Amino acid sequence: MEIYKRVTLLLVFLTLSSVNTSSNPLIPMDGNNPTSYCLSWRLAIETNNVRAWRTVPLQCMRYVEAYMLAGQYDRDVQLIVEQVRVYLNEIVLPGDGMDAWILDIDDTCFSNVYYYRLKRYGCDPYDPTRFRTWAMKGESPAIQPVLELFNDLIETGFKVFLVTGRDEETLRQATVENLHNQGFIGYERLIMRTSENKKQSAATYKTTIRKQLMDEGYRIWGNVGDQWSDIQGEYSGNRTFKIPNPMYFVP
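Since the structure is predicted, the reported quantities are computational estimates derived from the model, not experimental observations.

About the criteria used
- Residues numbered from 1 in each chain as written.
- Predicted model: local features only at pLDDT ≥ 70, side-chain atom pairs only at ≥ 80, totals over all residues.
- Heavy atoms only, no water.
- Salt bridge = Lys/Arg side-chain N within 4 Å of Asp/Glu carboxyl O.
- Helix = DSSP H or I, 4+ residues; strand = E, 2+ residues; numbered from the N terminus.
- Buried < 20%, exposed > 50% of the residue type's maximum accessible area, 1.4 Å probe, protein only.
- Axes fitted to C-alpha atoms, helices over the stretch in contact; angles between N-to-C directions.
- Parallel < 35°, antiparallel > 145°, perpendicular 65-115°, else oblique.
- Left-handed = near helix turned anticlockwise from the far one by under 90°.
- Contact = heavy atoms within 4.5 Å.
- Nonpolar A, V, L, I, M, F, W, Y, C, P; charged D, E, K, R; others polar.
- Polar contact = N/O pair within 3.5 Å; in protein donor to acceptor, adjacent residues only side chain to side chain.
- Expected span 1.5 Å × (residues − 1).
- Pairing = 2+ DSSP bridges.

## Looking at the pattern of salt bridges
- Enumeration over the complete set of coordinates arrives at 13 salt bridges.
- Across the salt bridge formed by D99 and R219, the nearest N and O atoms sit 3.0 Å from each other. You can see D99 sitting in strand β1 (residues 99-103) and its partner R219 sitting in strand β4 (residues 219-225), a full 120 residues away along the chain.
- On the basis of relative accessibility, which here comes to 29%, the residue R219 falls in the partly exposed class.
- For D215, the salt bridge is made with K211, and the minimal N-O distance between the two is 2.9 Å. A residue pair is termed a helical-turn pair when its members lie 3 or 4 positions apart in one helix, as D215 and K211 do in helix α9 (residues 202-215) at 4 residues.
- Exposure remark for D215: the relative accessible area of 57% places this residue in the exposed category.
- The structure contains a network of salt bridges with shared partners spanning D96, D99 and R219.

Structure (structure tokens):
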């Protein structure tokens, strides 16, 4: 009888706890340790199950900081680049000079984590004016595994196209210099937003650019970006690879 009472009380307690925590899905199961929720949240955004999110949940700021700076992000990027290399080893290039590879720039080639540290790792809303000021400094460091991949692509014979949402008029010179000082040398073309496509969503703009490249006769073997809008849509390439980014979302 005593055991029966204890089991009954335990079931009642678990039921009440479940109701209390599930009433708001943004509240972590352990209110003193939000890591569990933040880990689930990051998984959801990286798999594109949470879309059009504007800011990082405030309770996840320290989690995102630790993820970006304490080594796990670097290990994740390294693993993704290793998978790109597995794919590269399967490719036999025709050798006609029309084999293309697309790379995004921000938080794919460059890291902007130092800028986003000032924006509480994405807890503050995106500020285009301040980001432009940051980008004009030309101080974004290379993401080292992607730089190594870039050099491997060049050596293998791919024509590498850098396709970015950065503004052509205000940021081209700073971007070119930043690419050069970080070792991104030898790419085929740097493609940036112009007045013609300024109002397009990132996904529409990048799809249009990829179509133009294919219309020129290029075969897009691979496409790497940190946003789903970099790699979704038509003409995305034979294979796409997503670099993790829990700090912001670009539609």
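## So, the packing of helix α4 (residues 72-88) against helix α7 (residues 144-156)
- Across the interface, α4 lies against α7 with an axial gap of 9 Å and an inter-helix angle of 15°. Our classification of the angle between α4 and α7 gives roughly parallel. Between α4 and α7 lies a crossing of left-handed hand. Within the contact between the two elements, α4 uses V77, Q78, V81, V84, R85 and L88 and α7 uses P145, V146, E148, L149, D152 and L153.
- Residues that form the contact of α4 with α7 fall into these classes: 8 nonpolar, 1 polar and 3 charged.

## What to know about the environment of R219
- Sequence-wise, R219 and W101 are 118 residues apart; in three dimensions their C-alpha atoms are separated by 8.3 Å.
- For R219, the contacting residues outside a window of four places in its chain are P94, D96, M98, D99 and A100.
- In terms of polar contacts, R219 uses its side chain to reach the side chain of D99, at 3.0 Å.

## Brief notes about α9
- With 14 residues, α9 extends 20 Å between its outermost C-alpha atoms, agreeing within 8% with the 20 Å of an ideal straight helix rising 1.5 Å per residue.
- Every buried residue belonging to α9 is among A202, Y205, K206, T207, I209, R210 and L213, and all of these are buried.
- Buried residues along α9 sit against β1, β2 (159-167), β3 (189-193), β4 and α10 (228-231).
- Where α9 ends, the next residue or the one after it, G217, has phi of about 105°, a positive value.

## Points about the side chain of T108
- Mapping T108 onto the fold places it in the loop between β1 and α5 (113-118).
- Owing to a relative accessible area of 0%, T108 belongs among the buried residues under this scheme.
- Residues in contact with T108, not counting those within four places in the same chain, are I143, V146, V224, G225, D226 and I243.

## Some details on helix α8 (residues 168-181)
- For α8, with 14 residues, the first-to-last C-alpha span of 19 Å sits near the 20 Å given by 1.5 Å per residue.
- Residues of α8 that are buried: L171, A174, T175, N178 and L179.
- The secondary structure elements touched by the buried residues of α8 are α6 (128-137), β2 and β3.
- Near the N-terminus of α8, the side chain that reaches the backbone nitrogen of E169, with its oxygen 3.3 Å away, is that of D167.
- Just past α8, the residue G183 takes up positive phi, approximately 100°.

## Things to note about the sheet that holds β4
- Ordered by their spatial adjacency, 5 strands build an open sheet running β3-β2-β1-β4-β5, and the pairing between neighbours is parallel. Lying at the two open borders of the sheet, with one neighbouring strand each, are β3 and β5 (239-242). When strand polarity is set aside, the average angle formed by the axes of neighbouring strands in this sheet is 20°.
- Summarising the sheet, β1 and β2 pair through 4 bridges and their orientation is parallel.

## Some details on the pairing of β4
- Most of β4 sits inside the fold, with 6 of its 7 residues counted as buried.
- Bridge analysis of β1 against β4 gives 5 bridges, and the strand direction is parallel. When the bridges of β4 are listed, D99 appears paired with R219.
- Both β4 and β5 contribute to a ladder of 4 bridges, which runs parallel.

## Looking at the packing of α6 against α8
- At a closest axis distance of 7 Å, the pairing of α6 and α8 adopts a crossing angle of 35°. Across the interface between the two elements, R132, A135 and M136 of α6 pack against T170, L171 and A174 of α8.
- By residue class, the composition of the contact of α6 with α8 is 4 nonpolar, 1 polar and 1 charged.

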